[in-house]
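So the chains spell out like this:
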Amino acid sequence: MAYTTETTPSLQVAELDDSPEKICLPPTDPNAEIIEIPGYTLVYVNGACPKNYRVYKGDSMIGVIFQHITHWSNAMDQIRYAQAAEAAVGLDDFMKVANKSRVTDKAIAA
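About the thresholds
- Residues numbered from 1 in each chain as written.
- Predicted model: local features only at pLDDT ≥ 70, side-chain atom pairs only at ≥ 80, totals over all residues.
- Heavy atoms only, no water.
- Salt bridge = Lys/Arg side-chain N within 4 Å of Asp/Glu carboxyl O.
- Helix = DSSP H or I, 4+ residues; strand = E, 2+ residues; numbered from the N terminus.
- Buried < 20%, exposed > 50% of the residue type's maximum accessible area, 1.4 Å probe, protein only.
- Pairing = 2+ DSSP bridges.
- pLDDT = per-residue confidence, 0-100.
- Contact = heavy atoms within 4.5 Å.

Bringing the pattern of salt bridges into the picture now. Within the structure shown, the criterion is met by 3 salt bridges. Residue E33 pairs with K51 through a salt bridge whose shortest N-O separation is 3.5 Å. Placement of E33 in the loop between α1 (9–17) and β1 (34–37) and of K51 in strand β3 (residues 51–57) is noted, with a sequence separation of 18 residues between them. K51 sits in the partly exposed class, given a relative accessible area of 25%.

The element β3 is extensively covered by neighbouring structure, given that 5 of its 7 residues are classed as buried. Across 5 bridges, strand β2 (residues 40–46) lies against β3 in antiparallel orientation. In the sheet register, V43 faces β3, and the bridge partner there is R54. Hairpin connection, β2 to β3: the antiparallel pair is bridged by 4 residues, and G47 has positive phi, about 95°. One ladder, built from 7 bridges, connects β3 with strand β4 (residues 60–67); its direction is antiparallel. Within the sheet, the bridge partner assigned to Y53 lies in β4 and is I65.

Let's shift gears to the environment of I69. Mapped onto the elements of the fold, I69 is located in the loop between β4 and β5 (72–73). Overall, the relative accessible area of 76% leaves I69 in the exposed class. Note: C-alpha distance between I69 and P50 (19 residues apart in sequence) is 7.4 Å.

Summarising the model, the chain shows a mean pLDDT of 76, and 67% of its residues fall at 70 or more. Averaged pLDDT values over the elements of the chain bottom out at 39 in α1 and peak at 95 in β5. Segment residues 1–18: pLDDT under 50, and 2 contacts once partners within four positions in sequence are set aside and those in other chains are kept.

Moving on to the side chain of R54. Counting through the fold element by element, R54 comes out in strand β3. On the accessibility criterion, R54 (11% relative accessible area) is buried.

See below:
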(Lines give C-alpha, C1' and ligand atoms only; values in the text may rest on other atoms or scores of the structure.)
Protein backbone atom coordinates (compact mmCIF):
# COMPACT_ATOMS: atom_id res chain seq x y z
CA MET A 1 0.00 0.00 0.00
CA ALA A 2 1.46 3.34 -1.03
CA TYR A 3 0.98 6.41 1.12
CA THR A 4 0.64 9.81 -0.47
CA THR A 5 1.10 13.29 0.91
CA GLU A 6 -2.65 13.84 0.42
CA THR A 7 -3.45 11.55 3.36
CA THR A 8 -3.71 13.59 6.53
CA PRO A 9 -3.18 12.21 10.02
CA SER A 10 -6.68 13.34 11.03
CA LEU A 11 -8.17 11.31 8.18
CA GLN A 12 -6.22 8.24 9.30
CA VAL A 13 -7.47 8.68 12.88
CA ALA A 14 -11.05 9.14 11.69
CA GLU A 15 -10.82 5.94 9.64
CA LEU A 16 -9.59 4.06 12.70
CA ASP A 17 -12.27 5.54 14.96
CA ASP A 18 -15.05 4.38 12.60
CA SER A 19 -13.85 0.78 12.68
CA PRO A 20 -16.63 -1.66 13.68
CA GLU A 21 -14.02 -3.86 15.38
CA LYS A 22 -14.70 -4.28 19.11
CA ILE A 23 -11.15 -5.35 19.91
CA CYS A 24 -9.76 -4.53 23.35
CA LEU A 25 -12.77 -2.68 24.71
CA PRO A 26 -12.89 -2.82 28.51
CA PRO A 27 -15.86 -4.57 30.11
CA THR A 28 -17.20 -1.18 31.22
CA ASP A 29 -17.43 0.14 27.62
CA PRO A 30 -21.08 0.38 26.45
CA ASN A 31 -20.03 -0.88 22.99
CA ALA A 32 -18.30 -4.01 24.28
CA GLU A 33 -19.91 -7.37 23.54
CA ILE A 34 -20.12 -8.97 26.97
CA ILE A 35 -21.21 -12.34 28.32
CA GLU A 36 -21.85 -12.32 32.08
CA ILE A 37 -21.52 -15.65 33.87
CA PRO A 38 -21.39 -16.14 37.64
CA GLY A 39 -18.00 -14.99 38.87
CA TYR A 40 -16.68 -13.99 35.43
CA THR A 41 -17.16 -11.45 32.65
CA LEU A 42 -16.31 -12.39 29.07
CA VAL A 43 -15.49 -9.57 26.65
CA TYR A 44 -15.38 -10.24 22.91
CA VAL A 45 -12.00 -9.50 21.34
CA ASN A 46 -12.20 -10.72 17.73
CA GLY A 47 -12.58 -13.73 15.47
CA ALA A 48 -15.44 -15.59 13.87
CA CYS A 49 -14.71 -19.24 14.61
CA PRO A 50 -13.38 -19.36 17.16
CA LYS A 51 -14.52 -16.14 18.74
CA ASN A 52 -11.96 -14.87 21.25
CA TYR A 53 -13.06 -13.53 24.63
CA ARG A 54 -11.00 -12.01 27.42
CA VAL A 55 -11.99 -13.42 30.80
CA TYR A 56 -12.27 -11.07 33.77
CA LYS A 57 -12.66 -12.09 37.39
CA GLY A 58 -13.67 -8.95 39.20
CA ASP A 59 -11.56 -6.15 37.73
CA SER A 60 -8.66 -8.43 36.71
CA MET A 61 -8.25 -10.14 33.36
CA ILE A 62 -7.16 -13.73 33.89
CA GLY A 63 -6.81 -14.89 30.28
CA VAL A 64 -8.58 -15.70 27.02
CA ILE A 65 -11.11 -18.36 26.08
CA PHE A 66 -12.40 -19.34 22.66
CA GLN A 67 -15.92 -20.06 21.44
CA HIS A 68 -16.00 -22.67 18.69
CA ILE A 69 -19.16 -23.88 16.92
CA THR A 70 -19.35 -27.04 19.05
CA HIS A 71 -17.37 -26.20 22.18
CA TRP A 72 -15.41 -23.71 24.27
CA SER A 73 -11.70 -23.97 25.10
CA ASN A 74 -9.10 -21.98 26.98
CA ALA A 75 -5.91 -23.23 25.30
CA MET A 76 -4.38 -23.94 28.70
CA ASP A 77 -5.62 -27.39 29.60
CA GLN A 78 -6.42 -28.78 26.10
CA ILE A 79 -9.97 -29.68 27.19
CA ARG A 80 -13.15 -28.99 25.19
CA TYR A 81 -15.91 -27.56 27.36
CA ALA A 82 -19.65 -27.50 26.65
CA GLN A 83 -20.18 -24.16 28.42
CA ALA A 84 -18.30 -20.86 28.60
CA ALA A 85 -18.43 -20.99 32.40
CA GLU A 86 -16.64 -24.34 32.43
CA ALA A 87 -13.85 -23.02 30.19
CA ALA A 88 -13.52 -19.91 32.39
CA VAL A 89 -13.36 -21.99 35.58
CA GLY A 90 -10.79 -24.30 33.97
CA LEU A 91 -8.69 -21.28 33.03
CA ASP A 92 -9.06 -19.81 36.52
CA ASP A 93 -8.03 -23.10 38.15
CA PHE A 94 -5.03 -23.37 35.83
CA MET A 95 -3.94 -19.83 36.68
CA LYS A 96 -4.29 -20.52 40.44
CA VAL A 97 -2.11 -23.62 40.14
CA ALA A 98 0.44 -21.76 37.99
CA ASN A 99 0.58 -18.93 40.54
CA LYS A 100 1.07 -21.37 43.45
CA SER A 101 3.82 -23.10 41.49
CA ARG A 102 5.56 -19.78 40.84
CA VAL A 103 5.32 -18.79 44.53
CA THR A 104 6.72 -22.21 45.53
CA ASP A 105 9.60 -21.82 43.04
CA LYS A 106 10.45 -18.40 44.51
CA ALA A 107 10.39 -19.83 48.04
CA ILE A 108 12.71 -22.67 47.04
CA ALA A 109 15.10 -20.19 45.37
CA ALA A 110 15.20 -18.06 48.51
